[in-house]
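What follows is the residue order along each chain.
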Amino acid sequence: MCHELSTLSKNNDGALLYCEACNIYHLIFNNIYLEFTKEEMRAFQRFVTTIDIEQWETCCNRVMFKRKIPIQSMQQNLALIFNRRELLSLQDLIFQRTRKPESTIPLIEIDYQSCLN
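Not measured: the values here are computed from a predicted model.

Conventions adopted
Residues numbered from 1 in each chain as written. Predicted model: local features only at pLDDT ≥ 70, side-chain atom pairs only at ≥ 80, totals over all residues. Heavy atoms only, no water. Buried < 20%, exposed > 50% of the residue type's maximum accessible area, 1.4 Å probe, protein only. Helix = DSSP H or I, 4+ residues; strand = E, 2+ residues; numbered from the N terminus. Pairing = 2+ DSSP bridges. Phe/Tyr/Trp six-rings, centres within 6.5 Å; stacked < 30°, edge-to-face > 60°. Contact = heavy atoms within 4.5 Å. Axes fitted to C-alpha atoms, helices over the stretch in contact; angles between N-to-C directions.

1. Here we look at the pairing of strand E2 (residues 14-19)
- By the criterion of burial, E2 is predominantly enclosed, with six of the six residues buried.
- Side chains Gly14, Leu16 and Tyr18 of E2 all project onto a buried face; the interleaved residues Ala15, Leu17 and Cys19 project onto the opposite face, where all are buried too.
- Pairing geometry for strand E1 (residues 5-11) and E2, over six bridges, is antiparallel. Across the sheet, the residue bridging to Lys10 is Ala15, located in E2.
- Here E1 folds back onto E2 in antiparallel fashion, the turn holding two residues.
- Looking at chain direction, E2 and strand E3 (residues 24-29) are connected through six bridges and run antiparallel. Considered in E3, the bridge of Leu17 is made with His26.
- Between E2 and E3, which pair antiparallel one after the other, the connecting turn spans four residues, and Asn23 there sits at a positive phi close to 55°.

2. Side note on the pairing of strand E5 (residues 69-72)
- Residues Ile69 and Ile71 point to one face of E5 and are all buried, whereas Pro70 and Gln72, pointing to the other face, are not buried.
- Here E5 pairs with strand E6 (residues 79-82) via four bridges, running antiparallel. Across the sheet, the residue bridging to Pro70 is Ile81, located in E6.
- The hairpin formed by E5 and E6 contains six residues between the paired strands.

3. Here's the deal with the packing of aromatic side chains
- One pass over the full model with this rule turns up three aromatic pairs.
- On the numbers, 4.9 Å between centres and 25° between planes, the contact of Phe36 with Phe44 is stacked.

4. Structural notes on the side chain of Glu86
- Relative to the helices and strands, Glu86 resides in helix H3 (residues 84-94).
- Residue classification places Glu86 among the buried residues on the basis of a relative accessible area of 4%.
- Once you skip the residues sitting within four places of it in the chain, Glu86 turns out to touch Phe29, Asn30, Arg67 and Ile81.

5. Brief notes about the sheet that holds E2
- Within the open sheet, the four strands sit side by side as E1-E2-E3-E4. Their pairing is antiparallel. Of all strands in the sheet, those with a lone pairing partner are E1 and strand E4 (32-36), marking the two edges. Taken pair by pair, the neighbouring strands of this sheet meet at an average axis angle of 15°, ignoring direction.
- Packed onto the sheet, H3 meets E1, E2 and E3 and runs at close to 155° relative to E3.

Here it is, written out as structure tokens:
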């Protein structure tokens, strides 16, 4: 991983970082980590905007899974799946429509269960 990363956007689900030295975007989203060149990032942005959320939720409404919106990868047996909230959160990250990178996330927004013993 690069050492000269600058945060472009972040939210509760992840962050979009950029390395000036390598010209690589680093997308961290929940348990997913992806690296993109500038061209790959633009292609990913275009692809994500074409996803029809309504269509996927309607055609898969009988599926018992809570995540119904797929993003197919180049590897045939690997797809990333999202629910509506997650996909919109991903779009906010990659289009940098999130809070200012230097601002902190309020404690109330952190989805973490702690157990004080």
